Each structure stands twice: as C-alpha cells, then as structure tokens.
Amino acid sequence: MLLKLATVAAAIAFVSAHATFQELWINGVDAGSSCARAPASNSPVTSVTSGDLACNANAASSPNVCTVQPGDRVTVEMHQQAGDRSCENEAIGGNHFGPVTVYMAGVDDATTAVGANADWFKVSEMGLVSNNPDYFGSQVLNDNCGHYTFTVPDVAPGNYLLRAEVIALHVASGVGGAQFYPACFQLNVSGSGSAQPPTVKIPGAYGAQDPGILINIYTQLNTYTVPGPTPYGTTDLPVATTPYPTTATWDTAQQPSTVPTTTPAPDATGIGTA
Ligand SMILES: *[C@@H]1O[C@H](CO)[C@@H](O)[C@H](O)[C@H]1NC(C)=O
Ligand SMILES: [Cu+2]
C-alpha cells in the first residue's frame, strides 16, 4: 500500500512538471492567449515523426492573429498549468533541461493552417548557455518566469505560424526519451520585409538519433548541438565558460495573473522585454 501511494505521488509530481507555451507578448505588451493555439494538455510529444511535433496534440486554433512587424521583440511564455501565470511555480519543472527554439512558417491563413504541412524556418534558439556548470536555455526560461524573447526577422508580410518549443532532455539517453513541448501562435506580419528563408518540415527536421536529441546530459557536455536548422538572421552566443547569471532579465514584478484574450493594437508599447 505504501509503495502504491508513493508510486501515485511520483506520477503526479512528474505530470505537474510538464508545461505548455500559452501566452505571447509584443514589444512588452501582453497579448495573452489571444492568438495562441492552446495545446490540449501539458504532456510532451515524444515522436519526431508525429504530426503533433508541429503544434502539439489537439491544439485548438484561435479566431485571431497577432500583428507584428520585422524588428519587433516578441516574447513567448510557458507555464506548467493552463492559465496559471504565477512566477512562484517553475515554468517547466523538475529537471526538464534542454534547449528553447522558435520557428516561423509563412501560411495563407494562420487561423486555419496545419502546422505539419507548413514550411518552417528557425528564428531563434537557446541551447547550452554555459558549461561551467552546464546550463540550458530551459533554465534561463525558468529564471525569467517562463519568458523567452526573440526579434521578428525581416520576412515578407503575410500570415505566419509561430512555433515555440522546449526540448527536455532529462531522459534523452535512450531513443524516444527526449520530450518536445511545442505550441503555435497565429501571426500577421506587416511592414515591408522581403526575406523568404530556406525551410524545413516539422515533422522532418529532427531525427530520433540527432546529437541534440539522443544525449546523456548527466555528463560534462562542454558543447551542445541544438536540433534542427540554423536560426535565420541571428547568431548564437558562444557557450560561456563561466557560471551563467541566474538573475531574471524579464521584469517578473510586472507579471499579470490574468490572461488577456484580445489582441493588442499594432504599435502598442509595453514593459521592457527579456
Ligand atoms: C495583415 O496585415 C495587412 C497589413 O500589412 C493587412 O492588410 C491584412 O488585412 C492583415 N491580415 C489579417 C488576417 O489580419
Ligand atoms: Cu516530462
């Protein structure tokens, strides 16, 4: 009986460590879930060949698109439980260590586009930020109450899907052990950009035995290869050889508890971004 209770408790703790990207900010203005495709659960995708790898399982599309333009600072926000934005709880809990990635895909209509059919390019990634000690992008995400910020590249105007992802590697030393936590948002890019970066398919861009997917992270890594293509238009910082500063760069004091469902007006300005 005792053993059984302990097993149940362990199972609950494991599930509560899981997470989803839920909210979006544009230049520090909270767009909440207004243009998010909320995944049906916080469970990971574990198959690199599943269509769910694009935008997660049974994610409901939104009637809205969020308007952004090249150069905008866009922030995605992850939490363990749907609707809970509290900074008291780690964004993704336990030892779900691994990279953060962000992709975009130009589509005809972001409210109906199917992620697994889209043509994706990576726009940002944060893998191993320090190797003294090893420190991953997901840990920086947790330092910042689940917020991760990137710059919209100089892409041609139109509708896009935005895909944010954490890849948790805590049990990734066996094939199929890596856990993917993707979610998509629906964007309309305005402005006068013209870039059409080279694209990959998701699923398709990752292999089960990629060096950043089949990996034992409980050794000194020194370097880490983030899965998928090289980000378009940005260069990763080199892996630091000094301890990563764990102080938040996002202003967590201004973290809201409610979740807006209305898209912000284009060109609104808000709090600083991290
Ligand atoms: C997207 O933005 C353009 C302006 O750049 C606008 O003409 C168009 O109606 C917008 N589309 C959507 C779906 O909001
Ligand atoms: Cu997990």
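A quick note: this is a predicted structure, and the numbers were derived from the prediction, not measured.

### Considering the coordination of the copper ion (ligand 2)
Perfect tetrahedral coordination of a metal by four donors corresponds to 109.5 degrees between them, and perfect octahedral coordination by six donors corresponds to 90 or 180 degrees.
Consideration 1: Donor atoms from the polypeptide that coordinate the copper ion (ligand 2) comprise His18 (NE2), His96 (NE2) and Gln179 (OE1), at 2.1 Å from the metal.
Consideration 2: Sequence positions of the donors to the copper ion (ligand 2) reduce to the motif H-x77-H-x82-Q. Here the residue His96 occupies a position in the loop between strand 5 (73-79) and strand 6 (100-107), and Gln179 occupies one in strand 12 (residues 179-189), the gap between them amounting to 83 residues. We note that His96, like Gln179, is buried.

### Structural notes on the pairing of strand 8 (residues 128-131)
Consideration 1: As paired elements, strand 8 and strand 9 (residues 134-136) share three bridges and run antiparallel to each other. Residue pairing across strands places Leu128 opposite Phe136, the latter belonging to strand 9.
Consideration 2: Between strand 8 and strand 9, which pair antiparallel and follow one another directly, the connecting turn spans two residues.

### Quick word on the site of ligand 1
Consideration 1: Around ligand 1, the neighbouring residues are Val65, Asn159, Asn188 and Ser190.
Consideration 2: The side chain of Asn188 places a nitrogen or oxygen atom 2.3 Å from an oxygen atom of ligand 1.
Consideration 3: Taking 360 Å² as the accessible area of ligand 1 by itself, protein coverage stands at 36%.
Consideration 4: Grouping the constituent residues of the shell around ligand 1 by class yields one nonpolar, three polar and no charged.

### Notes on the side chain of Asp134
Consideration 1: Counting through the fold element by element, Asp134 comes out in strand 9.
Consideration 2: Within the buried set, Asp134 has no salt-bridge partner at all; the shortest N-O distance to an opposite charge, 19 Å, is to Lys122.
Consideration 3: Side chain to side chain, Asp134 and Gln220 meet in a polar contact 3.2 Å long.
Consideration 4: Within the local environment of Asp134, its side chain forms a polar contact with the backbone nitrogen of Leu221, the two atoms lying 3.0 Å apart.
Consideration 5: In contact with Asp134, not counting residues within four places along its chain, are Leu128, Gln139, Thr219, Gln220, Leu221 and Asn222.

### With respect to the sheet that holds strand 2 (residues 29-32)
Consideration 1: Pairing within the open sheet is antiparallel, and its four strands lie in the order 2-1-5-10. Among the strands making up the open sheet, the edge pair consists of strand 2 and strand 10 (147-151). In this sheet, neighbouring strand axes are inclined to one another by 30° on average, regardless of whether the strands run parallel or antiparallel.

### Things to note about the state of the cysteines
Consideration 1: Across all of its chains, the model carries three disulfides by this definition.
Consideration 2: With its sulfur 2.1 Å from that of its partner, Cys35 forms a disulfide with Cys66. On the sign convention where negative means left-handed, the S-S torsion of about -100° between Cys35 and Cys66 marks this disulfide as left-handed. Separated by 31 residues along the polypeptide, Cys35 in the loop between strand 2 and strand 3 (36-37) and Cys66 in strand 4 (residues 66-68) bring together distant segments of the chain.
Consideration 3: Among the residues examined, Cys66 registers a relative accessible area of 0% and is labelled buried.
Consideration 4: What pairs with Cys55 in a disulfide is Cys184, and their sulfur atoms sit 2.1 Å apart. Disulfide Cys55 to Cys184: torsion about the S-S bond roughly -85°, handedness left-handed. One end of the pair, Cys55, is in helix 2 (residues 52-55); the other, Cys184, is in strand 12, with 129 residues separating them in the sequence. Note on accessibility: Cys55 and Cys184 belong to one class, buried.

Reading the values: the criteria
Residues numbered from 1 in each chain as written. Chains lettered and ligands numbered in written order. Predicted model: local features only at pLDDT ≥ 70, side-chain atom pairs only at ≥ 80, totals over all residues. Heavy atoms only, no water. Donors = N, O, S within 2.8 Å, 3.2 Å for Na, K, Ca; no water. Helix = DSSP H or I, 4+ residues; strand = E, 2+ residues; numbered from the N terminus. Buried < 20%, exposed > 50% of the residue type's maximum accessible area, 1.4 Å probe, protein only. Pairing = 2+ DSSP bridges. Near = heavy atom within 4 Å. Polar contact = N/O pair within 3.5 Å; in protein donor to acceptor, adjacent residues only side chain to side chain. Areas by Shrake-Rupley, 256 points an atom, 1.4 Å probe, with all protein chains shown as cover. Nonpolar A, V, L, I, M, F, W, Y, C, P; charged D, E, K, R; others polar. Lys, Arg positive; Asp, Glu negative; His and termini not counted. Salt bridge = Lys/Arg side-chain N within 4 Å of Asp/Glu carboxyl O. Contact = heavy atoms within 4.5 Å. Axes fitted to C-alpha atoms, helices over the stretch in contact; angles between N-to-C directions. Disulfide = S-S within 2.5 Å.

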